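What follows is each chain in one-letter form.
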Amino acid sequence: MRKIAAVESFFSPEHRETIEKTAAECGFTVDYFSDGHLPADQAADYEIIYGLCSPKDIKAAVNLRWLCCSFAGVDAYTSDDIYPHPDVLLSNSSGAYGVTISEHIIMVTLMLLRQMPVFEQIVRERGWEKGLPMRSICGSSITVLGTGDIGTNFARRAKALGAKVVRGVRRTKKAGDPAYDEMYTLDELDSVLPKTEILVMALPGTKETAHILSRERIALLPRDAYVVNVGRGTAIDQEALMEALNADRLAGAALDVCVPEPLPKDHPLWDTKNLLLTPHISGNMSLGITRDLDVELFCEDLRNYAAGRKLKRLVDRAVGY
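The model shown is predicted, which means the values in this text are computed figures rather than measured ones. (Residues numbered from 1 in each chain as written. Predicted model: local features only at pLDDT ≥ 70, side-chain atom pairs only at ≥ 80, totals over all residues. Heavy atoms only, no water.)

Trainee: Would you mind showing me how to read the overall build of the chain here?
Mentor: What the chain contains, in helices and strands, is nine helices and twelve strands. Against the compact-globule benchmark of 20 Å for 321 residues, the chain has a radius of gyration of 21 Å, which places it among compact chains. Reported as C-alpha extents along the three principal axes, the dimensions of the chain are approximately 70 × 45 × 35 Å. Partitioning the intrachain contacts of the chain with sequence separation of at least 6 by distance along the chain shows that 61% fall at a separation of at least 24. Averaging the locations of the 37 positively and 44 negatively charged side chains of the chain gives two centres separated by 4 Å. (Helix = DSSP H or I, 4+ residues; strand = E, 2+ residues; numbered from the N terminus. Rg over C-alpha atoms; globule rule 2.2 N^0.38 Å. Contact = heavy atoms within 4.5 Å. Lys, Arg positive; Asp, Glu negative; His and termini not counted. Charge placed at Lys NZ, Arg CZ, Asp CG, Glu CD.)

Trainee: Where do I start with the pairing of strand E2 (residues 28-32) in this structure?
Mentor: Every other side chain in a regular strand lies on the same face of the sheet, so the side chains alternate between the two faces. Burial of E2 is one-sided: the residues Phe 28, Val 30 and Tyr 32 facing one way are buried, the residues Thr 29 and Asp 31 facing the other way are not. For strand E1 (residues 2-7) and E2, the ladder comprises five bridges, and the chain directions are parallel. The partner of Lys 3 across the bridge, within E2, is Thr 29. Remark: the E1/helix H1 (residues 13-25)/E2 crossover connection has right-handed handedness. (Buried < 20%, exposed > 50% of the residue type's maximum accessible area, 1.4 Å probe, protein only. Pairing = 2+ DSSP bridges. Right-handed = clockwise from strand over helix to strand, strands pointing away.)

Trainee: Just to check I follow, could you spell out the packing of helix H3 (residues 98-113) against helix H5 (residues 149-160) for this structure?
Mentor: Angle between the axes and distance between the axes are the two parameters that describe a pair of packed helices. At a closest axis distance of 8 Å, the pairing of H3 and H5 adopts a crossing angle of 55 degrees. On the basis of the axis angle, H3 is oblique to H5. Both H3 and H5 take part in a crossing whose hand is right-handed. On the side of H3, the interface is formed by Gly 98, Val 99, Ile 101, Ser 102, Glu 103, Ile 105 and Ile 106, while H5 contributes Asp 149, Ile 150, Asn 153, Phe 154, Arg 157 and Ala 158. (Axes fitted to C-alpha atoms, helices over the stretch in contact; angles between N-to-C directions. Parallel < 35°, antiparallel > 145°, perpendicular 65-115°, else oblique. Left-handed = near helix turned anticlockwise from the far one by under 90°.)

Trainee: Can you walk me through the state of the cysteines in this structure?
Mentor: Linking two cysteines covalently through their sulfur atoms gives a disulfide. Applying the stated criterion across every chain yields a total of zero disulfides. Among the cysteines around Cys 26, which has no disulfide bond, Cys 299 carries the closest sulfur, lying 8.4 Å off. The thiol of Cys 68 is not disulfide-bonded; the next cysteine sulfur, from Cys 69, is found 7.0 Å away. (Disulfide = S-S within 2.5 Å.)

Trainee: Got a minute to help me understand the side chain of Asp 301 in this structure?
Mentor: With respect to the element layout, Asp 301 can be found in helix H9 (residues 288-306). Separated by 3.2 Å, the side chain of Asp 301 and the backbone nitrogen of Arg 313 make a polar contact. Those residues in contact with Asp 301 that lie beyond four places of it in its chain are Trp 66, Leu 311, Lys 312 and Arg 313. (Polar contact = N/O pair within 3.5 Å; in protein donor to acceptor, adjacent residues only side chain to side chain.)

Trainee: Is there a simple way to explain the packing of aromatic side chains in this structure?
Mentor: Given two aromatic rings, one states the distance between the centres and the angle between the planes to describe the pair. Applying the stated criterion across every chain, the model contains nine aromatic pairs. Between Phe 11 and Tyr 50 the ring centres are 5.7 Å apart and the planes differ by 40 degrees, which places this aromatic pair in the tilted class. You can see Phe 11 sitting in the loop between E1 and H1 and its partner Tyr 50 sitting in strand E3 (residues 48-51), a full 39 residues away along the chain. Both residues of the pair, Phe 11 and Tyr 50, count as buried. Aromatic ring contacts, followed pair by pair, group Phe 10, Phe 11, Phe 28, Tyr 32, Tyr 50, Trp 66, Phe 298 and Tyr 305 into a single cluster. (Phe/Tyr/Trp six-rings, centres within 6.5 Å; stacked < 30°, edge-to-face > 60°.)

Trainee: Any chance you could explain the pattern of salt bridges here in plain terms?
Mentor: It is possible for side chains bearing opposite charge to pair when their charged atoms get close. This structure, assessed with the given rule, holds 16 salt bridges. One salt bridge in this structure joins Glu 182 and Arg 167, with 3.2 Å as the shortest N-O distance. Of this pair, Glu 182 sits in strand E8 (residues 182-185) while Arg 167 sits in strand E7 (residues 165-170), and the two are 15 residues apart along the sequence. For Arg 167, a relative accessible area of 8% translates into the label buried. We note a salt bridge from Lys 273 to Asp 248, for which the minimum N-O separation is 3.1 Å. Residue Lys 273 is located in the loop between strand E11 (252-255) and strand E12 (275-277), and its partner Asp 248 is located in the loop between helix H8 (238-246) and E11; the two are separated by 25 residues in the primary sequence. Residue classification places Asp 248 among the partly exposed residues on the basis of a relative accessible area of 38%. Taken together, the shared-partner salt bridges in this structure form one network comprising Glu 300, Asp 301, Lys 312 and Arg 313. (Salt bridge = Lys/Arg side-chain N within 4 Å of Asp/Glu carboxyl O.)

Trainee: Help me understand the sheet that holds E7 in this model?
Mentor: Pairing between sheet strands relies on hydrogen bonds along the backbone, with the strands arranged either parallel or antiparallel. Judged by pairing direction, the sheet is parallel, and its seven strands sit side by side in the order E8-E7-E6-E9-E10-E11-E12 without closing on themselves. Sheet topology places E8 and E12 at the edges, where each strand pairs with a single neighbour. Here the average twist between neighbouring strands, direction ignored, is 15 degrees. Taken together, the four bridges between strand E6 (residues 141-145) and strand E9 (residues 198-201) define a ladder with parallel strand orientation. Of the residues in E9, the one forming a bridge with Ile 142 is Ile 198.

Don't take any of this as a statement about function, it's just geometry.
Spelled out as structure tokens, the structure:
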């Protein structure tokens, strides 16, 4: 019997029932490794690995044909060097995280606009200041850099909250979701930044996206602009961002990702002005809907794989997504 290794800890009994039912329909059995580790002496038994398997454990899976990651960003899994042979298919779980991460973006954006970090400090010191200026998503000019599932889920919510304009920036200029009022290519980013009040970054980690928000591009943003990054810390020139925030050349930023991770306790990012920092928690498996969707998407592609169809969330390892 063909076998699947499910290397994850979040599966409920209902999730296992769904996975096993779909696997049986497709001619597979399933073994679970809830500690996140696939033992080397068992790895060769599996044709498919689903979940959060360490890259160092994959080489021993000599009969592996498909690695389905239970997360969206797969930059650590694109190198041919980690695989037992070059023909292994790689897919991600893009589509499972749009709800949870877009809600995080809305949360931190509102916190910045409504001065919550400042009010938190005032209250901590038992003050009672009411006069701080506030802004709103309603009427704002927003640029979304990265228009995949996460960026688009945010764009829909921003429009529902009354954003004046939501611009999407992507690799190509093909039509986007109706939530976007305008669509631009990455080559046009410099022309978009000066008219951006809220810049949301939801990019994968690739060579193309490394330091895409460079020192020069940070300087193009208005002084009252906010930057929110939930993609990869490598997308921003972090030193330049800290300098801009500390010099009040930006209104503020919210970073759920940074370089390095975890952030050392003595890193200057901790003390940067007007910065809302969270420890890469915008996604994860914290919401039930994320866990349910993740299993649903895997089962959908398992049926595709068994039928010889192209995987819906197949990753081009050369491109990175």
